[in-house]
Amino acid sequence: MGKKDTNKKSTIGEPVNEDNTKNSSQTHGQDGGANANSQPDDTASLTKVLEEIRDFRKDTKHQLNDISSELANVNQKIAEAETRIESVEDRVQNLEQVLGKMIRVMDQQENKLLDQEGRSRRENLRIYNVPEGAEGSSMVEFVEKLICDTLEIPPTTDLGIERAHRALAPKPTGDREDKSRSIIIRFHRYKIKEEILRKAWGKKRVLLNERLIYFDQDYPPTVVQNRKKYSEAKRALKQRQIRFQTPYPAKLRVFYEDGTRLYQSAEEATADMKERGMSA
């Protein structure tokens, strides 16, 4: 009896809230509907994203394929260019070899012609600084007398002069009138020419009417130009009274106290003399 009363009381004492029950049911119903509606939207978004990713991958693949194709074309062009460059380099190398041979042949021909010209002048000598017109009407007679008088050679000596004339250049006029042309003399015999040069070089000064004149070989123009390059060196040697010679075609032999030195070029002579404390 007591238990039954208690249960009844308890049931009666705690009344059921119908409004809460209704609200709870409504809430659950609304959440379920929202979840049900959001699932199709999410699926559509994911599908769209996947499609965009696939499209992006396709575009990227196409771009990479295009880049690869362009790189292949560039590499092919580079290879072709390298081949052409190698071909050009080979041709240039061949041309350089041909030019080198041609230059050597030309140098040999030039040296040969220079040697032949030098040989053709072996019987010649030149006299410098003789006033224009001093020869009068006969150059040969004038030269014979000049040589015998200035070099103390008996006048009866047969010098064997074949011909004599002024250098083939315009006669100096005006301010250059005092710059007389040299006299070229050709002898029948080489030995007589060498003997005359030896006598002339043996004298420190050769004068004609108190005017200093000079005897020298008749060198080809190219040799003359190359020998002129030693002018400063020879001037420095003369100032120091150092003996020297100028062998053919264009060398300089110097007799130093510590030995003899043969220079093959004016540049070599200048450099060595500078090391010796001589300004050339």
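Read on for an overview of the structure. Just so we're clear, the structure is a prediction, and the values are computed from it rather than from any experiment.

1. Comments concerning helix 6 (residues 231-239)
Thinking step 1. For helix 6, the set of buried residues is Ala233, Ala236 and Leu237. Taken around the axis of helix 6, the buried residues stretch over an arc of 100°, which confines them to a single face. In this structure, helix 6 carries Lys238 and Gln239 as exposed residues pointing more than 90 degrees from its buried face.
Thinking step 2. Where helix 6 is buried, its residues touch strand 6 (244-245), strand 7 (252-256) and helix 7 (266-275).
Thinking step 3. Of the residues trailing helix 6, Gln241 is marked for its positive phi of about 55°.

2. Considering helix 3 (residues 139-150)
Thinking step 1. Across its 12 residues, helix 3 extends 16 Å between first and last C-alpha, which sits within 8% of the 16 Å expected from 1.5 Å per residue.
Thinking step 2. If you check which residues of helix 3 are buried, you get Met139, Phe142, Val143, Leu146, Ile147, Cys148 and Thr150.
Thinking step 3. Contacts made by the buried residues of helix 3 are with strand 1 (124-128), strand 2 (161-166), strand 3 (183-187), helix 4 (190-202), strand 4 (206-208) and strand 5 (211-217).
Thinking step 4. Capping the start of helix 3, Ser138 holds a side-chain oxygen 3.4 Å from the backbone nitrogen of Glu141, two or three residues further along.

3. Quick notes on the sheet that holds strand 4
Thinking step 1. Strand order across the open sheet formed by 5 strands is 2-3-1-5-4, with antiparallel pairing between neighbours. Each of the sheet's edge strands pairs with one partner strand only, and the pair in question is strand 2 and strand 4. If you compare each strand with its neighbour and ignore which way they point, the axes differ by 30° on average.
Thinking step 2. Bridge count for strand 2 against strand 3 is 5 bridges, and the pairing is antiparallel. Considered in strand 3, the bridge of Arg166 is made with Ile183.
Thinking step 3. Its contacts with the sheet put helix 4 on strand 1, strand 3, strand 4 and strand 5, and the angle it makes with strand 5 is roughly 140°.

4. Section: the packing of aromatic side chains
Thinking step 1. The final tally for this structure, using the stated rule, is 1 aromatic pair.
Thinking step 2. Residues Tyr219 and Tyr248 carry aromatic rings whose centres are separated by 5.8 Å and whose planes lie at 20° to one another, so their mutual orientation is stacked. Within this pair, whereas Tyr219 is found in the loop between strand 5 and helix 5 (221-228), its partner Tyr248 is found in the loop between strand 6 and strand 7, the two being separated by 29 residues in sequence.
Thinking step 3. Above the face of the Tyr190 ring, Arg122 is positioned so that its terminal group lies 3.9 Å from the ring centre.
Thinking step 4. In this arrangement the basic side chain of Arg243 is found over the ring face of Phe255, its NZ or CZ atom lying 3.9 Å from the centre.

5. A few points about the layout of surface pockets
Thinking step 1. Considering only enclosed or pocket space, the largest pocket measures out at about 2,200 Å³ in volume.
Thinking step 2. Around the largest pocket, the lining is made up of 50 residues, and of these Tyr128, Trp201, Phe215, Asp216 and Lys234 lie nearest the centre.
Thinking step 3. Its residues assigned to classes, the lining of the largest pocket comprises 19 nonpolar, 10 polar and 21 charged.
Thinking step 4. In this structure, the second largest pocket spans a volume of roughly 210 Å³.
Thinking step 5. What lines the second largest pocket is Asp107, Glu110, Asn111, Leu114, Asp115, Thr222, Val223, Asn226, Tyr248, Pro249 and Ala250.

Basis of the calculations
- Per chain, residue numbering runs from 1 following the sequence as it is written.
- With pLDDT at 70 or above as the cut-off, local features in this predicted model cover only qualifying residues; side-chain atom pairs require 80 or more to be listed or tallied, and sums for whole chains, interfaces and linings still use all residues.
- For the side-chain quantities, the full set of heavy atoms in the structure was used; hydrogens and water were omitted.
- Relative accessible area decides the class of each residue, using a 1.4 Å probe on protein chains only: under 20% of the type maximum gives buried, over 50% gives exposed, and in between gives partly exposed.
- Helix and strand assignments follow DSSP, with helices taken as H or I runs no shorter than four residues and strands as E runs no shorter than two, numbered in order from the N terminus.
- Directions pointing from the helix axis toward each C-beta atom define the arc.
- Whether two residues are in contact is decided by their heavy atoms: any pair within 4.5 Å suffices.
- To estimate the expected span of a helix, count its residues, drop one, and scale the result by 1.5 Å.
- Nitrogen and oxygen atoms within 3.5 Å of one another constitute a polar contact, given that in protein one can donate a hydrogen and the other can accept it, and given that sequence-neighbouring residues count only through two side-chain atoms.
- In this scheme, strands are said to pair when DSSP sees at least two bridges between them.
- Inter-axis angles, ranging from 0 to 180 degrees, are taken between N-to-C directions of lines fitted to C-alpha atoms, where helices are fitted over the stretch in contact.
- A pair of aromatic rings is counted whenever rings of Phe, Tyr or Trp (Trp by its six-membered ring) have centres within 6.5 Å, and the orientation is called stacked for planes under 30 degrees apart, edge-to-face for over 60 and tilted otherwise.
- Each ring is checked for a lysine NZ or an arginine CZ that lies within 6 Å of its centre and within 35 degrees of its normal; such an atom marks a charge sitting over the ring.
- A pocket here means an open set of points on a 1 Å grid, computed over the protein atoms alone, that has protein on both sides within 12 Å along at least five of seven lines. A cavity is instead a set of points where a 1.4 Å probe fits but cannot get out; residues with an atom within 4 Å of a point line either one.
- Grid points are joined across faces, edges and corners, and a volume is the space filled by probe spheres set on the points.
- Throughout this entry, Asp, Glu, Lys and Arg are counted as charged residues, while Ala, Val, Leu, Ile, Met, Phe, Trp, Tyr, Cys and Pro are counted as nonpolar. The remaining residues, Gly among them, count as polar.

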